[in-house]
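Structure assessment
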Amino acid sequence: MMHILNIAKKEIKSDFRDFRTLVFMLAFPIVLMLILGTALTNAFSSNVQLGDIKLLYTVDAGSSLTSSWQQFVKEAGGFDIQFVQAKPGTDGKSKVEDYTYTGYVEVTDNGLDYFGSSIDTIQSNVLQGMLNAFADKYNLASSAAKTDPAKIGEILAASAHGDYVQERTLHAGKAPGSLDYYAMAMTTMIVMYAAIGASTLINREKRYNTALRLLASPVSRGKIFTGKVLGNIVLNLLCVVIVVAFSRFVYQANWGTHYDAVFLVLLSETALAVSIGLAISYFLKGEASRGVLTILIQIFAFIGGAYFPVGAVGGDFLSFLPNLSPIYWANRSLTQIIYDGNVLAALPTAGLNFGLAALLIMLAASAMNRREGF
């Protein structure tokens, strides 16, 4: 056991001397989470500012519709919408085209003709929805007049914004902000880059001509292999802990309170990343393994939500695609742990990661045993 620990300690020390790799593992996620978290703040905001909404209108209708319209204008004015009646001779459409008004509506006995802005689409759609509601309400009153005229006043007097639909938010306020999300996403992504470092564990000994000295030592190849893998996992995990601590105390990112479960998920992902890099290094030689791993990690990052949140994407295949990424597994579990307090969400991800890591390490060890050296 001491031989394994000594080799792991030696591996950690030698990797700490690789200043370029160390800076990449620490600086890259810290800088990237700041850039993305700052640039995409609005994408994670639940507050939508509509700005000024101004509706220009003309009325050329009978007394019943005119009265209903005036009642609608009075009620809708409480929603911070400015209604302006056009003066005679005013070209309402041109007023919308030059962005003076969000929309223009002509109220006639034949119905409502609405002209909305193609620039302020959100505000225009809000107005269109309200006008549709008014038209439906008036049509209902007109239909009621044919059977029970006494109901007309009751329908028209009904509030335009009655509480017919009750909306409730599950876990209100428990959602990641931009920095919270990218602190988590960049951390799980940089963990996967441990695969590139792991792919050089054995090849580095060959490059520096130290493989023969290791084989000549009284330590078995299995212990050397185990020590090097253990040291690489510990080193990468230390880098991850530093990144998490920096994002927590400097960026004030939310990592929840269940750090043990968060640590378990990140540990299992680190073990999986190291095992992937090690296994591929035995089946692909030289720079080929590094190139394949770089491409593979970017694919995992892209479909796993490292650069943007993975939501509902149409199609059965596209919906299933994120499940192929270890980054997505980790992000999904961490989100449940941090924001739902679901500590047990760490177990399926950790079990899957450790299981795959064990399988890949056994494949790498089997490939090593078939060789004379490492």
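Residues numbered from 1 in each chain as written. Predicted model: local features only at pLDDT ≥ 70, side-chain atom pairs only at ≥ 80, totals over all residues. Heavy atoms only, no water.

Looking at the overall build of the chain
When you go through the chain residue by residue, the secondary structure sums to 16 helices and 4 strands. With 374 residues in all, the chain has 39% of them scored as buried. When contacts within the chain are restricted to residue pairs at least 6 apart in sequence, long-range pairs at least 24 apart make up 76% of them. With the model as given, the accessible surface of the chain reaches about 20600 Å², and the carbon-plus-sulfur share is 60%. (Helix = DSSP H or I, 4+ residues; strand = E, 2+ residues; numbered from the N terminus. Buried < 20%, exposed > 50% of the residue type's maximum accessible area, 1.4 Å probe, protein only. Contact = heavy atoms within 4.5 Å. Areas by Shrake-Rupley, 256 points an atom, 1.4 Å probe, with all protein chains shown as cover.)

Focus on helix α16 (residues 346-369)
A rise of 1.5 Å per residue sets the reference length of α16, with its 24 residues, at 34 Å; its end C-alpha atoms lie 34 Å apart and thus fit the reference within 8%. For α16, the full list of buried residues reads A346, T349, A350, N353, A357, A364, A367 and M368. Those residues of α16 that are buried lie in contact with α11 (221-249), α12 (259-283) and α15 (326-340). (Expected span 1.5 Å × (residues − 1).)

With respect to α15
A rise of 1.5 Å per residue sets the reference length of α15, with its 15 residues, at 21 Å; its end C-alpha atoms lie 21 Å apart and thus fit the reference within 8%. The buried fraction of α15 amounts to 11 of the 15 residues, a majority that puts the element mostly inside the structure. By the burial criterion, the buried members of α15 are P326, I327, Y328, W329, A330, N331, S333, L334, I337, I338 and Y339. Buried positions along α15 lie against α7 (178-192), α12, α13 (287-304) and α16. Of the residues that open α15, the one with a side-chain oxygen 3.2 Å from the backbone nitrogen of I327 is S325. The positive-phi residue at the C-terminal boundary of α15 is G341, with phi of around 70°. (Polar contact = N/O pair within 3.5 Å; in protein donor to acceptor, adjacent residues only side chain to side chain.)

A look at a nonpolar patch on the surface
Residues F283, L284, V292, L352, L356, L359, M362 and L363 make up a contiguous nonpolar surface patch of about 680 Å² in total accessible area. Of all the elements, α16 adds the most residues to the nonpolar patch, at 5 residues. Locating L284 in the fold gives a position in the loop between α12 and α13. (Patch = residues over 30% accessible without salt bridge, like charges linked within 9 Å, V, L, I, M, F, W, Y side chains within 5 Å. Salt bridge = Lys/Arg side-chain N within 4 Å of Asp/Glu carboxyl O.)

Comments concerning the packing of aromatic side chains
Evaluation of the coordinates by the stated rule reveals 13 aromatic pairs. With centroids separated by 6.2 Å and ring planes inclined at 75°, the aromatic side chains of F28 and Y193 adopt a geometry described as edge-to-face. In this pair, F28 is assigned in helix α2 (residues 19-39) and Y193 in the loop between α7 and α8 (194-198), connecting sequence segments 165 residues apart. With relative accessibility at 10%, the residue Y193 sits in the buried group. Consider the rings of F72 and F134, whose centres lie 5.0 Å apart with planes at 40°: the pair is tilted. Of the two residues, F72 sits in helix α3 (residues 63-76) while F134 sits in helix α5 (residues 121-147), which places them 62 residues apart along the sequence. By relative accessible area, F134 is classed as buried at 6%. Chaining the aromatic ring pairs together yields one cluster made of Y57, W69, F72, F83 and F134. A cation sits over an aromatic face here: K54 above Y101, 5.4 Å from the ring centre. (Phe/Tyr/Trp six-rings, centres within 6.5 Å; stacked < 30°, edge-to-face > 60°. Lys NZ or Arg CZ within 6 Å of the ring centre and 35° of its normal.)

Focus on the pairing of strand β1 (residues 53-60)
Where β1 meets strand β2 (residues 81-85), 5 bridges bridge the pair, whose relative direction is parallel. By the bridge assignment, K54 is partnered in β2 with Q82. Pairing of β1 with strand β3 (residues 103-108), which is carried by 6 bridges, proceeds in the parallel orientation. Each residue of the ladder has a partner; that of L56, found in β3, is Y104. (Pairing = 2+ DSSP bridges.)

Some thoughts on the packing of α2 against α7
Between α2 and α7, whose axes approach to 8 Å, the crossing angle comes to 150°. In terms of their interaxial angle, α2 and α7 are classed as roughly antiparallel. Crossing geometry of α2 relative to α7 is assigned as right-handed. Within the contact between the two elements, α2 uses F24, M25, F28, P29, L32, M33, L34, L36 and G37 and α7 uses S178, L179, Y182, A183, M186, T187, M189 and I190. Per-class residue counts for the contact of α2 with α7 are 14 nonpolar, 3 polar and no charged. (Axes fitted to C-alpha atoms, helices over the stretch in contact; angles between N-to-C directions. Parallel < 35°, antiparallel > 145°, perpendicular 65-115°, else oblique. Left-handed = near helix turned anticlockwise from the far one by under 90°. Nonpolar A, V, L, I, M, F, W, Y, C, P; charged D, E, K, R; others polar.)

Some thoughts on the nonpolar core
Residues M186, M189, W255, L278, Y282 and L334 are the most contacted members of the largest nonpolar core, which totals 64 residues. Broken down by element, this core gets its largest block of residues, 12 residues, from α12. The residues contacting L334, other than those within four sequence positions of it, are M184, T188, W255, V262, V265 and L266. Counting residues in hydrophobic clusters, the runner-up holds 17 residues, among them V73, A76, I81 and F134. (Core = buried A, V, L, I, M, F, W, Y, C linked by side-chain atoms within 4.5 Å.)

Looking at the pairing of strand β4 (residues 111-116)
Two elements, β3 and β4, share 6 bridges in a ladder whose sense is antiparallel. Of the residues in β4, the one forming a bridge with T108 is G111. Here β3 hands over to β4 after 2 residues, the two strands then running antiparallel side by side.

What about the confidence of the model for the chain?
For the chain, the mean per-residue pLDDT works out to 80, and 80% of the residues sit at or above 70. Taken as a whole, residues 159-167 scores under 50 in pLDDT and shows 6 contacts with residues more than four places along the chain or in a different chain. Confidence drops under pLDDT 50 across residues 169-173; counting only partners more than four residues distant or on other chains, this segment forms 1 contact. (pLDDT = per-residue confidence, 0-100.)

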